[in-house]
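This is what each chain is made of:
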Amino acid sequence: MSEHQHADAAETADEPTSEKLVELAKRRGYFFQSSGAYGGVGGFYTFGPQGAALKGNVEDAWRDRFAVAEGNMEIDAPTIMPEPVFEASGHLDGFDDMLVECPECGESHRADHVVEDNTEYEDAESLAIPAVEEVIAEHQLVCPSCGAGLAGQAVEAFNLMFATSIGPGDSQPGYLRPETAQGIFVEFPRLKEYARNQLPFGVTQIGRAYRNEISPRRSIIRTREFTQAELEYFVDPEEDEPDLTKVEDVEVTLYPASEQNKEEGEEIRTTIGEAVEEGIITSPWVAYFLGVAKPWYDAVGVDMDRFRFRQHLSGERAHYAADCWDAEALIDGSEESQDSEQRKSAKPSSGYWIEMAGFAYRSDYDLSKHAEHSGDRFTVFKQYDEPKTVERATVDPDMSYLGPEFGGAAQDVVEKLETLAGRDREAFEGDTVEIELEGETHELPLEKTGFAVEEQTEAGEHIVPHVVEPSFGVDRLVYTVLHHAYREDEVDGGERTYLGLDPEIAPTVVGVFPLQSDDELEAQAEEIATALREAGLSVTYDDSGNIGRRYRRQDEVGTPFCVTVDYETIEDEETTVTVRERDTTDQKRLPVDGLAETLAEIREGDLEFEEL
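Thresholds, definitions, all that
Residues numbered from 1 in each chain as written. Predicted model: local features only at pLDDT ≥ 70, side-chain atom pairs only at ≥ 80, totals over all residues. Heavy atoms only, no water. Helix = DSSP H or I, 4+ residues; strand = E, 2+ residues; numbered from the N terminus. Buried < 20%, exposed > 50% of the residue type's maximum accessible area, 1.4 Å probe, protein only. Pairing = 2+ DSSP bridges. Arc of directions from axis to C-beta. Contact = heavy atoms within 4.5 Å. Axes fitted to C-alpha atoms, helices over the stretch in contact; angles between N-to-C directions. Core = buried A, V, L, I, M, F, W, Y, C linked by side-chain atoms within 4.5 Å. Phe/Tyr/Trp six-rings, centres within 6.5 Å; stacked < 30°, edge-to-face > 60°. Lys NZ or Arg CZ within 6 Å of the ring centre and 35° of its normal. Polar contact = N/O pair within 3.5 Å; in protein donor to acceptor, adjacent residues only side chain to side chain. Parallel < 35°, antiparallel > 145°, perpendicular 65-115°, else oblique. Left-handed = near helix turned anticlockwise from the far one by under 90°. Nonpolar A, V, L, I, M, F, W, Y, C, P; charged D, E, K, R; others polar. pLDDT = per-residue confidence, 0-100. Expected span 1.5 Å × (residues − 1).

Q: Which parts of the structure should I look at to understand the overall build of the protein?
A: Along the protein, the regular secondary structure elements total 20 helices and 28 strands. Dimensions along the principal axes, computed over C-alpha positions, put the protein at roughly 105 × 65 × 60 Å. Within the protein, buried positions represent 49% of all 612 residues.

Q: Please clarify how the pairing of strand β14 (residues 307-311) should be interpreted in this entry.
A: Regular strands place their side chains on alternate faces of the sheet. Within β14, 5 of the 5 residues are buried, which leaves it mostly tucked inside the rest of the structure. Residues of β14 alternate between two faces, with Phe307, Phe309 and Gln311 on one and Arg308 and Arg310 on the opposite face, all of them buried. For strand β12 (residues 251-255) and β14, the ladder comprises 2 bridges, and the chain directions are parallel. Of the residues in β14, the one forming a bridge with Leu254 is Phe309. Relative to strand β15 (residues 324-331), β14 is paired through 5 bridges, and the arrangement is antiparallel. Looking across to β15, one finds that Phe309 is bridged to Ala327.

Q: Honestly, helix α6 (residues 129-138) in this entry has me stumped. Any pointers?
A: An α-helix turns once per 3.6 residues; consequently, residues spaced three or four apart project the same way. Regarding α6, the residues found buried are Val132, Val135 and Ile136. The arc that holds every buried residue of α6, seen down its axis, measures 100 degrees, which confines them to one face. In α6, those exposed residues whose orientation departs by more than 90 degrees from the buried face are Glu134 and Glu138. Those residues of α6 that are buried lie in contact with β5 (96-101), α5 (111-118) and β7 (155-159). Positive phi shows up at Gln140, right after α6, with a value of about 50 degrees.

Q: Please explain the sheet that holds strand β4 (residues 80-82) as it appears in this structure.
A: Through backbone hydrogen bonds, the strands of a sheet pair up, either in parallel or in antiparallel fashion. Ordered in space as β4-β9-β8, the 3 strands form an open sheet in which the pairing is antiparallel. The sheet terminates laterally at β4 and β8 (163-166), the two strands that pair on one side only. Strand-to-strand twist in this sheet, taken as the mean axis angle between neighbours without regard to direction, amounts to 45 degrees. Bridge analysis of β4 against strand β9 (residues 172-176) gives 3 bridges, and the strand direction is antiparallel. Along β9, the bridge assignment pairs Pro82 with Gly174.

Q: Looking at this structure, how should I read the nonpolar core?
A: It is characteristic of soluble globular proteins that their nonpolar side chains tend to be buried jointly. Formed by 66 residues in total, the largest nonpolar core has its most connected members in Tyr30, Tyr297, Phe359 and Phe472. Among the elements that take part in this core, helix α11 (residues 284-300) stands out by supplying 11 residues, more than any other. Grouped together as the second largest cluster of nonpolar side chains are 27 residues, Val509, Leu537, Cys562 and Val577 included.

Q: Quick question: what am I supposed to make of the packing of aromatic side chains here?
A: Centre distance and the angle of the planes are the two values used to describe a pair of aromatic rings. Under the defined criterion, the tally for this structure stands at 28 aromatic pairs. Residues Trp62 and Phe66 carry aromatic rings whose centres are separated by 5.2 Å and whose planes lie at 20 degrees to one another, so their mutual orientation is stacked. Of the two residues, Trp62 and Phe66 both sit in helix α2 (residues 49-68), 4 residues apart, roughly one turn of that helix. Seen in terms of ring centroids, Phe201 and Phe234 are 5.2 Å apart; in terms of plane orientation they differ by 40 degrees. Their pairing is tilted. Within this pair, whereas Phe201 is found in strand β10 (residues 201-210), its partner Phe234 is found in strand β11 (residues 225-235), the two being separated by 33 residues in sequence. In this structure, Arg308 is placed above the aromatic ring of Trp353, and the distance from its NZ or CZ to the ring centre is 3.9 Å. The cationic tip of Arg496 hangs over the ring face of Tyr498; the distance from NZ or CZ to the ring centre is 4.0 Å.

Q: Mind showing me how you'd approach the environment of Asp326 here?
A: Inspection of the secondary structure assignment puts Asp326 in strand β15. For the pair Asp326 and Phe309, spaced 17 residues apart in the sequence, the C-alpha separation amounts to 5.4 Å. Setting aside its immediate chain neighbours within four residues, Asp326 contacts Arg308, Phe309, Arg310, His312, Glu355, Ala357 and Gly358. One polar contact links Asp326 to His312, side chain to side chain, over a distance of 2.9 Å.

Q: Explain the packing of α2 against α11 to me, please; I cannot follow it from the model alone.
A: Each pair of packed helices gets described by two things: the angle between the helix axes and the distance between those axes. It is at 11 Å that the axes of α2 and α11 come closest, and there the two elements cross at 150 degrees. The orientation of α2 relative to α11 falls into the category roughly antiparallel. For α2 against α11, the interelement crossing comes out right-handed. Listed contacts from α11 to Val58, Ala61, Trp62, Arg65 and Phe66 of α2 are Val292, Ala293, Trp296 and Val300. Classifying every residue of the contact of α2 with α11 by side-chain character gives 8 nonpolar, no polar and 1 charged.

Q: Looking at this structure, how should I read the environment of Ser89?
A: In this structure, Ser89 sits in helix α3 (residues 83-89). Each C-alpha atom, one on Ser89 and one on Tyr365, is 8.8 Å from the other, the two residues being 276 residues apart in sequence. Filtering out sequence-adjacent residues up to four positions away, Ser89 remains in contact with Gln182, Tyr365 and His370. Looking at Ser89, its side chain comes within polar contact range of the main-chain oxygen of Phe86, at 3.3 Å. Here His91 takes part through its side chain, which lies 2.6 Å from a polar atom of the side chain of Ser89.

Q: Please clarify how the pairing of strand β26 (residues 561-565) should be interpreted in this entry.
A: For β26, the buried fraction is high: 5 of the 5 residues fall into the buried class. What you see with β26 is no split at all: Phe561, Val563 and Val565 on one side and Cys562 and Thr564 on the other are buried throughout. Pairing geometry for strand β24 (residues 510-514) and β26, over 5 bridges, is parallel. Pairing of Phe513 across the sheet is with Thr564, part of β26. Across 4 bridges, the pairing between β26 and strand β27 (residues 576-581) is antiparallel. In the sheet register, Thr564 faces β27, and the bridge partner there is Thr578.

Q: Is there a simple way to think about the confidence of the model for the protein in this case?
A: As a general rule, the predicted coordinates of low-pLDDT regions are not to be interpreted in detail. The predicted model of the protein averages 91 in pLDDT, with 94% of residues at 70 or higher. Here residues 1-16 scores under 50 on pLDDT; set against residues more than four positions off or in separate chains, the count is 47 contacts. Below a pLDDT of 50 lies the segment residues 334-349, which in the model reaches 50 contacts outside its immediate sequence neighbourhood of four places, other chains included.

Q: For this particular structure, what's the right way to read helix α15 (residues 410-423)?
A: The terminal C-alpha atoms of α15, which comprises 14 residues, lie 20 Å apart, in line with the 20 Å expected from a rise of 1.5 Å per residue. Inspection of α15 places Ala410, Val413, Val414, Leu417, Leu420 and Ala421 among the buried residues, and these make up the whole buried set. When α15 is viewed along its axis, its buried side chains cluster within an angular range of 130 degrees and face the same direction. Residues Gly422 and Arg423 are exposed on α15 and point more than 90 degrees away from its buried face. The elements touched by buried residues of α15 are β17 (380-394), α14 (399-406), β18 (432-437) and β19 (440-445).

Shown next as structure tokens:
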């Protein structure tokens with residue numbers, strides 16, 4: 001029954017290939033392309049029994065750290081939203097990728113990726129479409145699928161959102177959300193009430209998002225449907241500061257824009273506190289969440305030797321983002337499977353970097369846009385310590401004049417005057433006041449506007465909060481955790497493949513086996529499996545094949561512990577079982593009484609197997 005025990009498994013020197021991991025994931029029920037019975041469809045994947053459990057554990061771990069531990073609330077918004085939401089957010093006009101279609105095979109490709117993969121350009125996404133067309137022609141770039149020339153082919157903007165209709169008949173146009181964030185932003189007027197109008201406060205959401213990628217690839221790394229875990233943290237930009245003492249000593253590997261722009265730029269190893277002090281990370285709020293995220297990534301199984309935070313270059317950063325950093329993981333893979341996004345900068349000897357999360361300071365862009373388009377109030381009332389006497393410019397227009405003069409547009413004129421009075425008092429210093437209405441300039445007599453400057457005592461003011469956003473890609477994180485957990489070693493003269501998953505996130509914590517096909521052994525094993533399940537542990541029961549094969553199956557799935565019921569279990573006065581640890585294959589004889597509690601302690605990190 002026992003295996004050769006080895007304290008230090010001799011792992012192979014070579015990194016596991018992505019192909020090996022994808023094959024294992026398919027065979028052992030982690031993930032596979034969906035709709036296989038109908039030939040499959042690109043960019044959509046099904047998480048199998050093991051993958052769904054692992055993904056759920058990762059989501060729970062994220063929720064515990066970024067919602068519960070930080071005192072933030074969680075919501076679950078619809079995945080379909082009406083068109084005006086995306087008009088306000090800018091997704092209708094600006095959420096595009098550059099598409100070029102092959103004239104021979106008809107395949108569509110990301111034009112910026114074609115450029116970046118075959119030229120010296122590292123950030124072609126920031127180029128205008130005419131410039132991309134010129135580069136394709138200048139370098140005589142060809143179709144990645146069939147080799148036909150792409151010079152002279154039109155490059156077009158392709159909106160990545162999936163369109164749909166809400167309701168029958170003359171239905172309302174809608175879209176599947178391309179990010180979970182908008183579901184939080186549009187509900188801000190109500191969410192601020194749940195937060196008692198007190199800043200700062202955070203709202204989290206874990207859910208599906210959809211992007212109609214031009215060329216999805218590399219299994220679950222780039223898909224058309226995926227899961228995001230996002231936190232929108234609302235702050236008063238003038239008063240709220242994070243408590244950096246909680247994270248100032250967290251050690252991080254940073255790849256700032258200044259280093260990326262150098263010929264031989266290098267990563268910087270420092271601490272969060274030093275990075276803020278030296279101005280490498282300019283936003284204290286972004287720095288705070290980087291400091292929170294790094295140990296969390298470590299805890300869920302990301303290899304810290306293959307992890308860094310990379311700052312966005314100016315061409316990548318959204319126009320509203322003051323600063324943005326990505327959490328990236330190094331993944332191995334063949335050169336032809338890489339694309340420019342993953343090969344940006346660092347140029348590792350083998351492998352590519354994938355983005356797992358983005359940390360952005362979004363200022364007041366989102367709330368201001370939704371306020372402008374919806375007419376609702378996306379502000380928080382900020383109470384002064386003491387009432388203040390201030391001068392306010394007001395207007396009280398003469399409607400008996402505006403009505404006949406402007407008809408149905410009279411109210412629009414009133415709103416224009418109110419806005420102008422608040423923004424530019426000098427516009428009211430002459431005999432007339434100019435306003436612009438539907439592209440035309442109109443002059444109004446000053447006396448008809450009712451303009452006045454009055455002293456008012458105010459207890460506070462309405463402010464538009466700024467937003468700090470840590471946005472995590474769950475699917476990419478699951479892939480990274482599996483990839484970094486992949487191991488190959490030798491046991492008893494034979495090769496073994498296993499996933500060194502942390503017990504806290506492993507989809508199955510313990511496998512329970514009867515040593516042989518025996519009614520009494522099987523009954524005892526099933527009883528133990530039931531007891532462990534009732535104690536809250538995820539358990540698999542396996543009585544198929546010899547014990548070595550069962551161990552190998554659970555090793556490949558990543559199950560941390562296996563419990564074997566043998567004849568000593570049913571014959572000895574004290575009921576004991578053999579417990580085997582996955583990574584070392586060490587075995588210990590433990591009593592059944594208290595077994596669930598012991599395994600739970602190890603799972604939570606409160607006890608080491610070696611201590612037993």
